Amino acid sequence: MPTLAPENSLLLAIDFQPRLMAVIEDAATVVGHAKKLRAVAALLGVPTIFTEQYAKGLGTTVEDLAPMDAFQKMTFDACGTPGFLDLLGKGKDIVVAGCEAHICVLQTVLSLLDAGQRVFVVRDAIGSRRAESKETAVRRMERHGAEIVTVEMVVFEWLQTAEHPRFREAAALIK
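My aim in this report is to walk through the structure given alongside it, one point at a time. (Residues numbered from 1 in each chain as written. Predicted model: local features only at pLDDT ≥ 70, side-chain atom pairs only at ≥ 80, totals over all residues. Heavy atoms only, no water.)

Focus on the overall build of the chain
Operational definition: A run of DSSP states H or I qualifies as a helix once it reaches four residues; a run of E qualifies as a strand once it reaches two. Both are numbered from the N-terminal end. The globule rule is 2.2 Å times the number of residues to the power 0.38, and the radius of gyration it is compared with is taken over C-alpha atoms. Residue exposure (1.4 Å probe, protein chains only): buried if accessible area is under 20% of the type maximum, exposed if over 50%, otherwise partly exposed. What makes two residues a contact is simply this: any of their non-hydrogen atoms within 4.5 Å. Only the protein chains shown count as cover for residues, with accessible areas throughout obtained via the Shrake-Rupley method and a probe of 1.4 Å. When charges are counted, Lys and Arg are positive and Asp and Glu negative, with His and the chain ends excluded. In this description, the location of a charge corresponds to atom NZ of lysine, CZ of arginine, CG of aspartate or CD of glutamate.
Helix and strand counts for the chain come out as eight helices and six strands. Ordered by position from the N terminus, the helices and strands of the chain form the series β-α-α-β-α-β-α-β-α-β-α-β-α-α. Taking 175 residues into account, the globule formula puts the C-alpha radius of gyration at 16 Å, and the chain, at 15 Å, falls close to it. In terms of overall dimensions, the chain has a C-alpha envelope of 45 × 30 × 30 Å along the principal axes. Looking at the 175 residues of the chain, the share that counts as buried comes to 50%. Counting only contacts in the chain whose residues sit at least 6 apart along the sequence, the fraction spanning at least 24 positions is 75%. Carbon together with sulfur atoms contributes 53% to the accessible area of the chain, which is approximately 8500 Å² in total. Taking the average place of the 19 positive charges on the side chains of the chain and the average place of its 22 negative ones, the gap between the two points comes to 2 Å.

A closer look at the sheet that holds strand S4 (residues 93-99)
Under the convention used in this document: For two strands to be treated as a pair, DSSP must find at least two bridges joining them. Working convention: axes come from line fits to C-alpha atoms, limited for helices to the stretch in contact. Angles between N-to-C directions cover 0 to 180 degrees.
On the basis of which strands lie adjacent, the open sheet formed by six strands has the order S3-S2-S1-S4-S5-S6 and parallel pairing. The open sheet has two edge strands, strand S3 (71-73) and strand S6 (147-149), and neither has a second partner. Sheet twist, expressed as the average angle between the axes of neighbouring strands with direction ignored, equals 25°. Pairing of strand S1 (residues 9-14) with strand S2 (residues 48-53), which is carried by four bridges, proceeds in the parallel orientation. Among the inter-strand pairings, Ile14 is bridged to a residue of S2, identified as Thr51. Packing against the sheet, helix H2 (residues 27-44) makes contact with S1, S2, S4 and strand S5 (118-127), and its axis sits at approximately 135° to S5. Along the sheet, helix H7 (residues 151-159) contacts S1, S4, S5 and S6; its crossing angle with S5, the most-contacted strand, is approximately 135°.

Digging into empty space enclosed by the protein
Cut-off, in case you're wondering: Space inside and on the surface of the protein is sampled on a 1 Å grid over the protein atoms alone, with a cavity defined as a set of points where a 1.4 Å probe fits but cannot get out and a pocket as an open set with protein on both sides within 12 Å along at least 5 of 7 lines; lining residues have an atom within 4 Å of a point. Grid points are joined across faces, edges and corners, and a volume is the space filled by probe spheres set on the points. Three classes are used: nonpolar for Ala, Val, Leu, Ile, Met, Phe, Trp, Tyr, Cys and Pro, charged for Asp, Glu, Lys and Arg, and polar for all others, with Gly counted as polar.
Counted according to the given criterion, the structure contains one cavity of 30 Å³ or more. Space inside the largest cavity adds up to approximately 30 Å³. Of all the secondary structure elements, the ones that give two or more residues to the lining of the largest cavity are S1 and H2. Looking at the lining of the largest cavity, its residues break down into seven nonpolar, no polar and one charged.

Some points on unusual backbone geometry
Along the chain, Cys99 connects to Glu100 via a cis peptide bond; the corresponding omega equals -20°. Relative to the helices and strands, Glu100 resides in the loop between S4 and helix H5 (101-114). Look at Asp26: it is not a glycine, yet its phi comes out positive at around 55°. Within the fold, Asp26 resides in the loop between helix H1 (18-21) and H2. For Gln160, which is not a glycine, the phi torsion comes out positive at approximately 70°.

Structural notes on the packing of H2 against helix H8 (residues 167-174)
For any two helices packed against each other, the geometry comes down to the angle between their axes and how far apart the axes lie. We apply this condition: Angles below 35 degrees are treated as roughly parallel, those above 145 as roughly antiparallel, those between 65 and 115 as roughly perpendicular, and all remaining angles as oblique. By the definition used in this description, the sense in which the near helix is turned from the far one sets the handedness, with an anticlockwise turn below a right angle giving left-handed and a clockwise turn giving right-handed.
For the pair H2 and H8, the least separation of the axes is 9 Å and the interaxial angle reads 165°. The angle between H2 and H8 falls in the class roughly antiparallel. For H2 against H8, the interelement crossing comes out right-handed. For the pair formed by H2 and H8, the contact residues are Lys36, Ala39, Val40 and Leu43 on the first element and Glu169, Ala170, Leu173 and Ile174 on the second.

Considerations on the environment of Phe16
Here Phe16 is to be found in the loop between S1 and H1. Expressed as a C-alpha distance, the spacing of Phe16 and Ile174, which sit 158 residues apart in the sequence, is 19 Å. Those residues in contact with Phe16 that lie beyond four places of it in its chain are Met21, Val30, Val31, Ala34, Thr60, Thr61, Val62, Leu65, Ala97, Gly98, Cys99 and Ala125.

Structure, rendered in structure tokens:
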């Protein structure tokens, strides 16, 4: 499997919402990692799509990540909401962060894989209420073909070389 390249990637940030994050184990770390990933994606021109599950009840995306716009859904699997797959386009490597790992992230990732997408789940930028739920979801996603990565793996694959013109900026964002 080739490494990630920014021109072929899309960052998918699933349901980073206040009422949900309030119950996520180590939520501050998960949001912090997602914030770094989003910042580097923006720096390197990688498009980002945010989803929000039942925003009326769970709130809109947390302030640290607040997007200009988010894809609204009621289905746990974002792919089950009409129009979602059209947003992604074909042939993109989907880099996934979000919550909850064992519900919305898992179901969306499994559907993306079923649709033929290459999916990279950012282990340190996903969360669940309980560690065993997250770990079980990670194992299941990997078993079905998702690549399990970390924020630093993604960033340095996007950069490819220390000679990248944005290397210093990107490296500073993930420290």
